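Breakdown of the fold
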Amino acid sequence: MTVVVKPKALVDAKVRDFQMLIDGKWGAAAEGRTLERVAPGHGVTISRYPAATKADAERAIAAARKAFDDGPWPRMTASERSLILLRAADMIAARADELAYLDCIESGKPISQAKGELGGAADIWRYAAALARDLHGESYNTLGDGTLGVVLREAIGVVSIITPWNFPFLIVSQKLPFALAAGCTTVVKPSELTSGSTLVLGEILEAAGVPAGVVNIITGTGPDVGAVMTSHPDVDMVSFTGSTGVGKLTMSNAAQTLKKVSLELGGKNPQIVFPDANLDDFIDAAVFGAYFNAGECCNAGSRLIVHRDIADEVVRRVAELSAKVKVGDPLDPSTQVGAIITPQHLEKIVGYVSAAAGNGATVSHGGAALDLGSGQFMSPTILSAVTPDMAVAREEVFGPVLSVLTFETTDEAIRIANSIDYGLSAGVWSRDFDTCLTIGRKVRAGTVWMNTFMDGASELPFGGYRQSGLGRELGRHAVEDYTETKTLNMHIGGRTAMWMPRRNGLLSTAKREEKGGRDA
Ligand code: NAD
């Protein structure tokens, strides 16, 4: 059984028509085509965005290039940029309800969760504003009397920012304020399924004082505009969050002009639980980790790796708690699991479950789509008796589906955890300090939670090992990611060592080489 909250019909809902932002002007796509978004929980069209083409992307890149090469943004003091970012953070907080509504209705996530994400996003903008003023290089006063070395941090240039649909506002907030703090200019492309809140962010940034051309926001599909954004020679860096497949494509497009790439990709994250864990806490975290954002979450704890001695109890208790999770209307404040992003994606999730059952896994709870009268929903699902070779144990299902595997020794748990291509995050549950630290050090993942799951803070770096990505977001180095370093090697006084012999008493080449001079 699943507790359901039937979606209320959106009787008064009007389709919101959005425009996109290029060089400080709002407008339609060059060819005038649009994309429509159907609310995944309510089944009605709620947003319409311009369907940008290659020409629009090129216009946006040209505007960002001009704003970087000739505009005021990279030349402002960090203090001035920081003030603008702080103003933007206040405006995000002031419009949080509107932004949360858009993310909720377009992505299908529960409204209470969307509001929480907006609070987190405003905090990230404030954190980036603080970091903006601390961006600095290094100096070396230790290179001898004749040399002073200074290492500058310079904004990298034009950054393409491409984001997915599962955390529309939060993910753009993990990238854009740091790029802006560094002095970069940007072209932003949200997912074609959830572009609304990013376009409202464009209004906020204009009102906060970001000059024209610094943030250009274009809407459209990956093949139409994402491809140009990742390959155009005038783009210096690509910051991408999305699937591992498109991440690889992004990297190969960027390789043609050797752009820097930052990639936040998929995950298949284990929660490893030992018999001495606080099981009450763990069971709650297992349910939260698996079903938060309907499991459409790169950080989802979609693999439970459970000690054999407690496996039956864990499956029983997780199933009991899963039956109490409220699934349904994303706009209802009591809903915990909302809608699935598209009908095609729901089919894919159900396909994974049927394939696992066909291969010997046991469906211990749920296992099917839910018909709630509109939109598309999936019942929270537990698959037990899963073996490490099954697709549900290795691939990102991206739905509310939990796979339970078992282990006997710590080494075996680590081996199973590390046996897949992903390495985004992991959790370990034990009251034993040694156990937690051993897992924490040996599991190859960018974040390891100990006796908690999916907590985060703007101060803590986030990113993946292996095919979960490249680079880290957030944390105190987040602004540096959007910079180049430049070495200024400065000579003090007259030339101390001539390469060509002279008769004026200066050192000859031979003498200079004796002193270790370097000419290469
Ligand atoms: P996706 O890869 O399909 O799309 C992501 C973005 O890339 C979208 O804006 C899309 O339009 C664009 N895109 C598609 N094809 C493109 C192309 N050829 N060139 C350039 N851009 C292109 O991913 P999705 O389905 O929107 O999001 C789900 C995926 O994102 C999951 O795999 C999830 O794990 C991952 N994700 C990772 C993190 C993280 O921080 N590691 C966070 C959230 C989501």
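First, a word on what this report is: a plain description of the structure on this page. Being a predicted model, the structure only gives us computed values, none of them experimental.

**Here's the deal with the side chain of Gln376**
Structurally, the position occupied by Gln376 is in the loop between β18 (369-370) and β19 (377-378). A distance of 2.7 Å separates a polar side-chain atom of Gln376 from the backbone oxygen of Ile340. Once residues within four sequence positions are removed from consideration, Gln376 is found in contact with Pro40, Ala339, Ile340, Ile341, Thr342, Pro343 and Leu346.

**Some points on the pattern of salt bridges**
In this structure the tally under the stated criterion is 22 salt bridges. Among the ionic pairs, Arg95 bridges to Glu203, the shortest N-O distance being 2.9 Å. Here Glu203 lies in helix α7 (residues 196-208) and Arg95 lies in the loop between α2 (78-94) and α3 (96-107), a separation of 108 residues in the sequence. The partly exposed category is assigned to Arg95, whose relative accessible area is 26%. Among the ionic contacts, a cluster of salt bridges with common partners joins Arg16, Arg95, Glu98 and Glu203.

**A few points about the nonpolar core**
Ranked by size, the top nonpolar core spans 154 residues in total, and within it Trp125, Leu176, Phe178 and Ile218 carry the most contacts. Here the element with the most residues in this core is helix α4 (residues 111-132); it accounts for 12 residues. Composition of this core by domain shows at least three residues from each of domain 1 (14-265 + 473-483) and domain 2 (270-458). With sequence-adjacent residues up to four places away left out, Leu176 is seen in contact with Trp125, Ile161, Thr186, Val188, Leu201, Leu205 and Val215.

Definitions and cut-offs
Residues numbered from 1 in each chain as written. Predicted model: local features only at pLDDT ≥ 70, side-chain atom pairs only at ≥ 80, totals over all residues. Heavy atoms only, no water. Helix = DSSP H or I, 4+ residues; strand = E, 2+ residues; numbered from the N terminus. Polar contact = N/O pair within 3.5 Å; in protein donor to acceptor, adjacent residues only side chain to side chain. Contact = heavy atoms within 4.5 Å. Salt bridge = Lys/Arg side-chain N within 4 Å of Asp/Glu carboxyl O. Buried < 20%, exposed > 50% of the residue type's maximum accessible area, 1.4 Å probe, protein only. Core = buried A, V, L, I, M, F, W, Y, C linked by side-chain atoms within 4.5 Å. Domains from an automatic or database assignment.

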